[in-house]
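Take a look at the letters that make up each chain.
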Amino acid sequence: METRKLFALSVIFLAIFASACTPKPFLKVQYQLPSSSTALTGETISLTISDIRKDATFLSDNARKSIKNFNNTYSLVVLRDDGSRNLLGAYDVDSLLKEMFKQRLENEGCQVFTPAENPDASLAIQLKEFKLDAVDRKWTLRMSYQAGLSKKKGLVANESVSGSAERLKVMGKTDAEKILGELVTDMVNKLNVAKLFEKAQ
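Below: a short report on this structure.

The rules we used
Residues numbered from 1 in each chain as written. Predicted model: local features only at pLDDT ≥ 70, side-chain atom pairs only at ≥ 80, totals over all residues. Heavy atoms only, no water. Salt bridge = Lys/Arg side-chain N within 4 Å of Asp/Glu carboxyl O. Helix = DSSP H or I, 4+ residues; strand = E, 2+ residues; numbered from the N terminus. Buried < 20%, exposed > 50% of the residue type's maximum accessible area, 1.4 Å probe, protein only. Axes fitted to C-alpha atoms, helices over the stretch in contact; angles between N-to-C directions. Parallel < 35°, antiparallel > 145°, perpendicular 65-115°, else oblique. Left-handed = near helix turned anticlockwise from the far one by under 90°. Contact = heavy atoms within 4.5 Å. Nonpolar A, V, L, I, M, F, W, Y, C, P; charged D, E, K, R; others polar. 1 Å grid on protein atoms, 1.4 Å probe; cavity = no way out; pocket = protein on both sides within 12 Å on 5 of 7 lines; lining within 4 Å. Points joined across faces, edges and corners; volume = space filled by probe spheres on them. Pairing = 2+ DSSP bridges. Phe/Tyr/Trp six-rings, centres within 6.5 Å; stacked < 30°, edge-to-face > 60°.

Okay, the pattern of salt bridges next. The full count for this structure, using the stated rule, is 9 salt bridges. In this structure, Arg167 and Glu182 form a salt bridge, with 2.7 Å as the shortest nitrogen-oxygen distance. One end of the pair, Arg167, is in strand β8 (residues 156-168); the other, Glu182, is in helix α4 (residues 173-190), with 15 residues separating them in the sequence. Residue Glu182 is classed as partly exposed on the basis of its relative accessible area, which comes to 48%.

Put into structure tokens, the structure is as follows:
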């Protein structure tokens, strides 16, 4: 009887250990909101994301060797100036970007509506590149998108945003998540939505 108990405990321990060692199938994205402002107070907007990448695969072949079991899911954590951290959930790339831009717009006083709610303007984000690679013991990440803001009267203002970053590949996936959070934060915050509204007047 005692032997059976020990065997059962061993099986449970091994199962827990194997589960803990299994790579998580998602990547964590920590998005740092800029300081809140009233730049867009009173504006209403709808938001759409389109993935027009020629290569829709996020991980290169080399990156995939270091990041196992990735299923194209991202866990989003939103950070604020007051030190708070809000885990919002898991997203694919389109919904990840939509939630990040939504957080950014609301942080500047804008209300994000659905198109059916007849907002004052619409913001369309077209993702053109989003690729993580591992080269010469370094992570490299590239991202670019086109933003277009249109108002009811038909005026459109456009802006292209692109950037890249690299980080030493010391701790594998942990470093990949750091570079991912840093570049995506920079790319989302770089878009000057208030200026787009001014151009579309």
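We now examine the packing of helix α3 (residues 93-107) against α4. Following both chains from N to C, one finds α3 and α4 inclined at 50°, their axes separated by 10 Å at the closest point. One way to sum up the angle between α3 and α4 is to call them oblique. Judged by the twist between their axes, the crossing of α3 over α4 is right-handed. Residue-level inspection shows Met100, Phe101 and Arg104 of α3 in contact with α4, the latter providing Val184, Val188, Asn189 and Lys190. Class assignment of the residues belonging to the contact of α3 with α4 gives a composition of 4 nonpolar, 1 polar and 2 charged.

Now for the layout of surface pockets. Its volume calculated, the largest pocket comes out at about 180 Å³. Along its surface, the largest pocket is lined by 14 residues, and Thr57, Phe58, Leu59, Phe70 and Asn72 are the ones closest to its centre. Here the lining of the largest pocket is built from residues that sort into 7 nonpolar, 3 polar and 4 charged.

Before going further, it helps to examine the sheet that holds strand β3 (residues 73-79). The strands making up a sheet associate through backbone hydrogen bonding, with each pair oriented either parallel or antiparallel. Strand order in the open sheet formed by 3 strands is β1-β3-β4, with mixed pairing between adjacent strands. The open sheet has two edge strands with one neighbour each: β1 (26-32) and β4 (85-91). With strand direction ignored, the average angle separating the axes of adjacent strands in the sheet is 20°. Where β3 lies against β4, 6 bridges are found, and the strand directions are antiparallel. Bridged to Ser75 within β4 is Ala90. Along the sheet, α4 contacts β1 and β3; its crossing angle with β1, the most-contacted strand, is approximately 40°.

Tallied over the entire structure, the rule returns 6 aromatic pairs. Judged by centre distance (5.7 Å) and plane angle (75°), the rings of Phe58 and Tyr74 are edge-to-face. Here Phe58, found in the loop between β2 (44-51) and α2 (61-66), pairs with Tyr74, found in strand β3; they are 16 residues apart in sequence, far enough to count as distant. When its relative accessible area of 2% is taken as the criterion, Phe58 is described as buried. On the basis of relative accessible area, Tyr74 is assigned to the buried category, the value being 2%. Through successive ring pairs, a cluster of aromatic residues spans Phe58, Phe70, Tyr74 and Phe130.

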